[in-house]
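Spelled out from the first residue to the last, the chains are:
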Amino acid sequence: MNRATLVLVAVALLTAALALLRAGEPAPELEVRAIPHQAQFGRIFPGFAVGEVFRCAGPIRRIDVALVPLGGEPTPLEFTLRADGPDGEVLRSARLSPRDLPSADAWVSISFEPVEHASGQYHFSLASSQPSSHSPWVRYRAVSHVVRPWGTKVLGDTVREFELALLPHGDLRALALAVDGLDAAAAPASVELFDPRSGELVARGEVLQRSPQAAAWVFFTFASPWSAARWRPWTARLQLPPNARVIGDSSGPSLISFHAGEASDEQLAGATVAASVLPDRDLVFRVWGDITNEGVRGRAFARLGSRAPWVVVLFVLAVAALGRTLAAARLSA
Amino acid sequence: MGCLHDPGDPFARARERERGATERSDRRRESVWFLAAVLLHGLVYWLCLAPWMGEDEPWHFEYASHVADGHAPWGNGRVEFSNTALQTGPNAPYDERWDHPSSQLQVRRRFATLSDEAIAARQAQILESMERHSFYARVDWTGGFGGRRDFDQIQPVFTATTHQPGYYLLLGAWLALWPGEDIDGQLYWARCLSLILYVLTCWAGLEFARAAFTDRSLALAVAFVVAWLPMHARQAALVNNDVLVRTLSAFVWMVCARRLAGVAGTREFALAVAAALLALFVKTTAAAGLGVLLLTLVLETRRVRDARRLFLYTAGALLVLAGVITYWHFQHSPVLPRNVAAFLLRIGRGLSSSAMHELATTWIGAFNWYSRPFSGLEYASIGGATLALLAGGLVVLARGAAGVSRSTLLLCALGVLVQLALPVLRGVGHGRYLMPALLAISALLAAGAVAWVPERSRPRAALALACALVAYDAWFLWAGLIPSEYGVWGA
């Protein structure tokens, strides 16, 4: 083997080794990756802890939750990890002090002694003794279309009726509106869609989350996906309890539509508010297991499967052939 | 010793012949090893790139698969809408887009013989394959969940069928060679064509470099850049009309370099013109090819002093361009702006720092449909080195260097500028839109790395450049592509 070939193969192998060393970092056992983050849950109210039910094989030692500040003095949060579900046995708990909370959209890590439950199903929650300063992010399991992003104005009663048009998809499953001061536990909240030509009621969405919501994207879920939503103009009418305020801008309320989609990864059972499970959405979070797990590198090779050795061999042979090209050109000396 | 240079030496001609034969043999061996390296390198990416991980691959594949099924892509499909904006309000007139996903209507417009059911069924088949191959776990902006029913639910109002049919006719004919394959099988065969086109491009790159640079170290350095630039090598494994337009453009560049070197005759140049015209029926980013041909004639005219002929060529090129733009208009190409305001808006967007940032990062390396980038440090290191080499190439152009054709290097610099203008005019900056000028960019980079050192040190400089490229490629593959596509999945 000539010198150029040796040099090139050595460089390739050394670089690949360094790269793989970096890829040896641990990988989360479970991660909800919804980037960019789109809908915040809103403030967490006393008695309405927010969490998620998930499945994970093997012990877990850390949970990261994506949190965003909503304004106001940082308030502490109580973290609880339970077996099975919201009513299960408490496995671990921790307190997040205001110092632990981020000043911008970021992960907050809660580490604890590794724990493993026989059923493999867990529930974690964040609770607050006062309306929280921070909110977790929500990933709704449907195709989203941002009609108007989170606005800066509190809109009056005049916007309780607005035109809903130019949605690019059919199968409308939910509308998320930016709302403040909504107590859906106290009074019903709904959105009704009318045909502007005939005035006929064509679809109705309700807030399934029966809890107070503030600075939140509130999800109005339709009983079944409404197929005729695509591009047509409709009139939307909001029914909100007194004191609820819609947020938006001069062109209308802040609004995200959600279409189609279906159940996500079988490891995720859904977000929870107090004792109720909302299987159509998840919090944005990740779970870390045994620190000695196979890591990103191990998973990559496992998923590459039988192709992995071929990739390695061809990679080396390609570089060697490149070196031989230099030798053939008599340039390597 | 004197007899070596003696013209009357009866053995001089024989020695000359022997030297020529040795050179040809060296060159042949060099080409064989280089193409073997290229093929092996392409195979690495062919094996690594997960199904549907090429940007916009489902749409390009969908288009070609209908051609493979025997449907002619000449347009004229019946649709009851134009490219006008949808109307809102209670008196909005009926629009067919209310009842059909836009992506499917646009397929119907392209294929007059396709039924709505067949279009929907094909999208469903592809979406099923995408879900089975964990597409949503890999591409972060999809949200991570499946259950999509049409292509609009991945990217609304998007289609490949507004592209000219050149690539899809070739790929469709290629796929028709393997009837009975399921969607996964067809995808693999489609990617085989990309692998072949990658090898052809690299071969064109080698021949281009040999014409542009008489210095063998420099010529090989150019070919190495062409073959080992990771985002280019990755194109060996993805289904996209960019791969064909790049290969055709590489052929045009090769002939232009040979023309300037005085090797290519009129017939060869006519073939390049034909390739450039053909490329216009593949993708709009090929438009720069006409400029490259014209610039070649301009640079050549300095020698032949035939300004009148040049004027005729220019007029001809403009006429062709006007004709092609008209054709694009009737093909509903989104490349053409609707009005002056939209055009100005696009230029502003194309020149914005975010567009330039995206152009640079997607040229250097970004994974999983650009949803997982390299780190800032990695971009700064690789981007900084690339810019330094480009600057070096321009210095070589200004000052000249042994073994370097300055006219070809000037053509490269101008050609890159013309190519760069296209994404700016479109207002969208993706690195792959610069691939038609890959050979020119490679020439400038290689000149910046190798040409400024004394001739005797150039083999070492070429080896150093090869080391840098191999390291870049290894990092791209093992720290970028493989961990992103296989190591980290969302739920």
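Look up a bit, the structure's there.
Below or above, wherever it landed, is the structure these notes cover. (Residues numbered from 1 in each chain as written. Chains lettered and ligands numbered in written order. Predicted model: local features only at pLDDT ≥ 70, side-chain atom pairs only at ≥ 80, totals over all residues. Heavy atoms only, no water.)

Focus: the overall build of chain A
Inference 1: Helix and strand counts for chain A stand at 3 helices and 26 strands.
Inference 2: Here chain A has a C-alpha radius of gyration of 26 Å; the compact-globule value for 333 residues is 20 Å, and the former is much larger.
Inference 3: For chain A, the spread of C-alpha atoms along the three principal axes comes to 85 × 50 × 35 Å.
Inference 4: For chain A, the residues scored as buried account for 57% of the 333 residues in total. (Helix = DSSP H or I, 4+ residues; strand = E, 2+ residues; numbered from the N terminus. Rg over C-alpha atoms; globule rule 2.2 N^0.38 Å. Buried < 20%, exposed > 50% of the residue type's maximum accessible area, 1.4 Å probe, protein only.)

A look at empty space enclosed by the protein
Residue and element names in this part refer to chain B.
Inference 1: Tallied over the full model, the rule gives 3 cavities of 30 Å³ or more.
Inference 2: For the largest cavity, the calculated volume is near 70 Å³.
Inference 3: Lining the largest cavity are Glu-55, Met-231, Arg-234, Gln-235, Leu-238, Asn-240, Asp-242, Thr-362, Tyr-370, Arg-432 and Met-435.
Inference 4: Here the residues of the lining of the largest cavity sort into 4 nonpolar, 3 polar and 4 charged.
Inference 5: When its volume is computed, the second largest cavity comes out at roughly 60 Å³.
Inference 6: For the lining of the second largest cavity, the secondary-structure elements that each account for two or more residues are α10 (241-260), α12 (288-304) and α17 (406-426).
Inference 7: In the lining of the second largest cavity, the residues fall into 6 nonpolar, 4 polar and no charged. (1 Å grid on protein atoms, 1.4 Å probe; cavity = no way out; pocket = protein on both sides within 12 Å on 5 of 7 lines; lining within 4 Å. Points joined across faces, edges and corners; volume = space filled by probe spheres on them. Nonpolar A, V, L, I, M, F, W, Y, C, P; charged D, E, K, R; others polar.)

Let's talk about the nonpolar core
Inference 1: If you look at the biggest cluster of nonpolar residues, it comprises 166 residues, and the most contacted ones within it are Leu8(A), Phe135(B), Leu171(B), Phe208(B), Leu409(B), Trp478(B) and Ile482(B).
Inference 2: Aside from chain neighbours lying at most four places away, what touches Leu409(B) is Phe213(B), Gly393(B), Val396(B), Leu397(B), Val404(B), Ala443(B), Leu444(B) and Ala447(B).
Inference 3: Residues Ala39(A), Val65(A), Val273(A) and Leu283(A) belong to the second largest nonpolar core, which totals 49 residues. (Core = buried A, V, L, I, M, F, W, Y, C linked by side-chain atoms within 4.5 Å. Contact = heavy atoms within 4.5 Å.)

Re the side chain of Gln419(B)
All names here are of chain B.
Inference 1: Its location among the elements puts Gln-419 in helix α17.
Inference 2: What makes Gln-419 buried here is its relative accessible area of 3%.
Inference 3: Residues in contact with Gln-419, not counting those within four places in the same chain, are Thr-285, Ala-288, Tyr-433, Leu-434, Pro-436 and Ala-437.

Regarding the packing of helix α3 (residues 102-110) of chain B against helix α4 (residues 116-132) of chain B
Residues and elements named next belong to chain B.
Inference 1: Closest axis-to-axis distance for the α3/α4 pair is 10 Å, and the angle between their directions is 125°. Considering their axes alone, α3 and α4 lie oblique with respect to each other. The handedness of the crossing between α3 and α4 comes out as right-handed. Counted together, Ser-103, Gln-104, Val-107 and Arg-108 of α3 and Asp-116, Ile-119, Ala-120 and Gln-123 of α4 form the full contact between these two elements. (Axes fitted to C-alpha atoms, helices over the stretch in contact; angles between N-to-C directions. Parallel < 35°, antiparallel > 145°, perpendicular 65-115°, else oblique. Left-handed = near helix turned anticlockwise from the far one by under 90°.)

Quick notes on the pairing of strand β22 (residues 255-259) of chain A
All names here are of chain A.
Inference 1: Burial analysis of β22 places 5 of its 5 residues in the buried class, the great majority of the element.
Inference 2: Here β22 shows two buried faces, one formed by Leu-255, Ser-257 and His-259 and the other by Ile-256 and Phe-258.
Inference 3: Bridge count for strand β10 (residues 143-148) against β22 is 5 bridges, and the pairing is antiparallel. Bridge assignment links Val-146 to a residue of β22, and that residue is Ile-256.
Inference 4: Bridge count for strand β13 (residues 172-180) against β22 is 5 bridges, and the pairing is antiparallel. Counterpart to Leu-177 in the pairing with β22 is Leu-255. (Pairing = 2+ DSSP bridges.)

A look at the packing of aromatic side chains
Inference 1: The full count for this structure, using the stated rule, is 35 aromatic pairs over all chains.
Inference 2: Considering the side-chain rings of Tyr63(B) and Phe111(B), the 5.7 Å spacing of their centres and the 90° angle between planes classify their relative orientation as edge-to-face. Pair noted here: Tyr63(B) is in helix α2 (residues 57-68) and Phe111(B) is in the loop between α3 and α4, with a separation of 48 residues, a long-range link.
Inference 3: Residue Tyr63(B) is classed as buried on the basis of its relative accessible area, which comes to 0%.
Inference 4: Each residue in the set Trp59(B), Phe135(B), Tyr136(B), Trp141(B), Phe151(B), Phe158(B) and Trp369(B) is aromatic and connected to the rest through ring pairs, giving one cluster.
Inference 5: Lying across the ring of Trp107(A), Arg286(A) places its NZ or CZ 4.1 Å from the centre. (Phe/Tyr/Trp six-rings, centres within 6.5 Å; stacked < 30°, edge-to-face > 60°. Lys NZ or Arg CZ within 6 Å of the ring centre and 35° of its normal.)

With respect to unusual backbone geometry
Inference 1: The peptide bond linking Ile35(A) to Pro36(A) adopts the cis configuration, its omega dihedral lying at 5°.
Inference 2: Turning to its location among the elements, Pro36(A) is positioned in the loop between β1 (30-31) and β2 (39-40).
Inference 3: Positive phi, normally seen in glycine, also occurs at Val157(B), with a value near 55°.
Inference 4: Relative to the helices and strands, Val157(B) is located in the loop between α5 (135-138) and α6 (166-176).

Considering a nonpolar patch on the surface
Residues and elements named next belong to chain B.
Inference 1: There is a patch of nonpolar side chains on the surface, built from Val-340, Phe-343, Leu-344 and Leu-425 and spanning about 350 Å² of accessible area.
Inference 2: Per element, the largest residue contribution to the nonpolar patch is 3 residues, and it comes from helix α14 (residues 340-350).
Inference 3: Take Leu-425: it is sitting in helix α17. (Patch = residues over 30% accessible without salt bridge, like charges linked within 9 Å, V, L, I, M, F, W, Y side chains within 5 Å. Areas by Shrake-Rupley, 256 points an atom, 1.4 Å probe, with all protein chains shown as cover. Salt bridge = Lys/Arg side-chain N within 4 Å of Asp/Glu carboxyl O.)

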